[in-house]
Amino acid sequence: YYTYFRQVSTGMLNVFSLKCLRQFMDDGSLVYPDEIYHCLSPEERLTTLQQVRDDLFYQRRRLFAVDDQKLFLNQAVEFIYESCDCLRLVLHYRIAGRIIYKTIELREALVIAAFKEFFLSLPDSDYVLPTETTLAQLDALLAEYAPAADPNLTKPLVIVAQTGV
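All of these numbers come straight from a predicted model, not from anything done at the bench.

Enquirer: Can you walk me through helix α5 (residues 131-145) in this structure?
Expert: Owing to its 3.6 residues per turn, the α-helix brings residues three or four apart onto one side. Spanning 15 residues, α5 covers 21 Å between terminal C-alpha atoms, matching the ideal 21 Å at 1.5 Å per step. When α5 is considered as a whole, its buried residues turn out to be Thr134, Leu135, Leu138, Leu141 and Leu142. The arc that holds the buried residues of α5, viewed along the axis, is 120 degrees, so those residues lie on one side. What points out from α5, more than 90 degrees from its buried face, is the exposed set Glu132 and Ala143. Each element contacted by the buried residues of α5 is listed here: β1 (13-17), α2 (18-27), α3 (42-57) and β2 (62-66).

Enquirer: It is not clear to me how the pattern of salt bridges should be interpreted in this structure. Could you clarify?
Expert: Note on pairing: side chains with opposite charge can pair once their charged atoms come close. Per the counting criterion, the structure on display carries seven salt bridges. Glu144 is the salt-bridge partner of Arg22, the closest N and O atoms lying 2.9 Å from each other. With Arg22 in helix α2 and Glu144 in helix α5, this pair connects stretches of sequence that are 122 residues apart. Classification of Arg22 by relative accessible area gives partly exposed; the value is 34%. Under the relative-accessibility criterion, Glu144 is labelled partly exposed at 47%. For the salt bridge of Arg61 with Asp55, the shortest nitrogen-to-oxygen distance reads 3.2 Å.

Enquirer: How do you make sense of the nonpolar core when you look at a structure like this?
Expert: The tendency in soluble globular proteins is for nonpolar side chains to be buried as a group. Residues Phe16, Leu18, Leu21, Phe24, Leu49 and Leu138 are the most contacted members of the largest nonpolar core, which totals 18 residues. Broken down by secondary-structure element, the contributors of at least two residues to this core are α2, α3, β2 and α5. Among all residues touching Leu21, those that are not within four sequence positions of it are Phe16, Leu49, Leu138 and Leu141. Counting residues in hydrophobic clusters, the runner-up holds seven residues, among them Val66, Leu71, Leu73 and Leu122.

Enquirer: So what exactly am I meant to see when it comes to the packing of α3 against α5 here?
Expert: When two helices pack together, their arrangement is given by the angle between the helix axes and the distance between those axes. Taken N-terminus to C-terminus, the directions of α3 and α5 make an angle of 160 degrees; their axes are 10 Å apart at the nearest point. As far as their axial angle goes, α5 and α3 are roughly antiparallel. Regarding α3 and α5, the two cross each other, and that crossing is left-handed. On α5, the residues touching Leu46, Leu49, Gln50, Arg53, Leu56 and Phe57 of α3 are Thr131, Thr134, Leu135, Leu138, Asp139, Leu141, Leu142 and Tyr145. Across the contact of α3 with α5, the residue classes break down as nine nonpolar, three polar and two charged.

Enquirer: Explain the packing of α2 against α5 here, please?
Expert: Between α2 and α5, the shortest axis-to-axis distance is 11 Å and the interhelical angle comes to 15 degrees. With respect to α5, the axis of α2 lies roughly parallel. In the packing of α2 onto α5, the handedness of the crossing is right-handed. On α5, the residues touching Leu18, Leu21, Arg22, Met25 and Asp26 of α2 are Gln137, Leu138, Leu141, Glu144 and Tyr145. Classifying every residue of the contact of α2 with α5 by side-chain character gives six nonpolar, one polar and three charged.

Enquirer: What should I look at first to understand the environment of Val111 in this one?
Expert: Tracing the backbone through its elements, the reader meets Val111 in helix α4 (residues 109-121). Along the primary structure Val111 and Cys86 are separated by 25 residues, whereas in three dimensions their C-alpha atoms are 9.8 Å apart.

Rules behind the numbers
- Residues numbered from 1 in each chain as written.
- Predicted model: local features only at pLDDT ≥ 70, side-chain atom pairs only at ≥ 80, totals over all residues.
- Heavy atoms only, no water.
- Helix = DSSP H or I, 4+ residues; strand = E, 2+ residues; numbered from the N terminus.
- Expected span 1.5 Å × (residues − 1).
- Buried < 20%, exposed > 50% of the residue type's maximum accessible area, 1.4 Å probe, protein only.
- Arc of directions from axis to C-beta.
- Contact = heavy atoms within 4.5 Å.
- Salt bridge = Lys/Arg side-chain N within 4 Å of Asp/Glu carboxyl O.
- Core = buried A, V, L, I, M, F, W, Y, C linked by side-chain atoms within 4.5 Å.
- Axes fitted to C-alpha atoms, helices over the stretch in contact; angles between N-to-C directions.
- Parallel < 35°, antiparallel > 145°, perpendicular 65-115°, else oblique.
- Left-handed = near helix turned anticlockwise from the far one by under 90°.
- Nonpolar A, V, L, I, M, F, W, Y, C, P; charged D, E, K, R; others polar.

Right, dumping it as structure tokens:
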């Protein structure tokens, strides 16, 4: 699945919260209703986290961790920019143990343009952490959640061959 996702999401801008990522590592939940999602096992969570870390390191996908002190992200929110005519916000969060799942469709051109401008400017803003800081935080999470039998989990999943060229 992740290989397929990586292929179809090359143009996608991925913004995440390290605080929410830690929650995912604790419980495996992406805050979707039980009918459409099963929580990942600890091994699956580690593999997913390793893949995200490697994608960032090898620049396979555009990944940015928000500075949780400057920008608040709810447990899970998706912004799907379909065209200049439509922007969908998909919200999924928990209130008092109940999962709330909402889709909001925006069709006002100026609102859509404002969202697009904001997200396109995020990578160069102070709202996201530098790549080095994000990698260090991901490595720390991997080390924290790695089983005792595998303390070197932060090794890249893909080994790049170096040539003398």
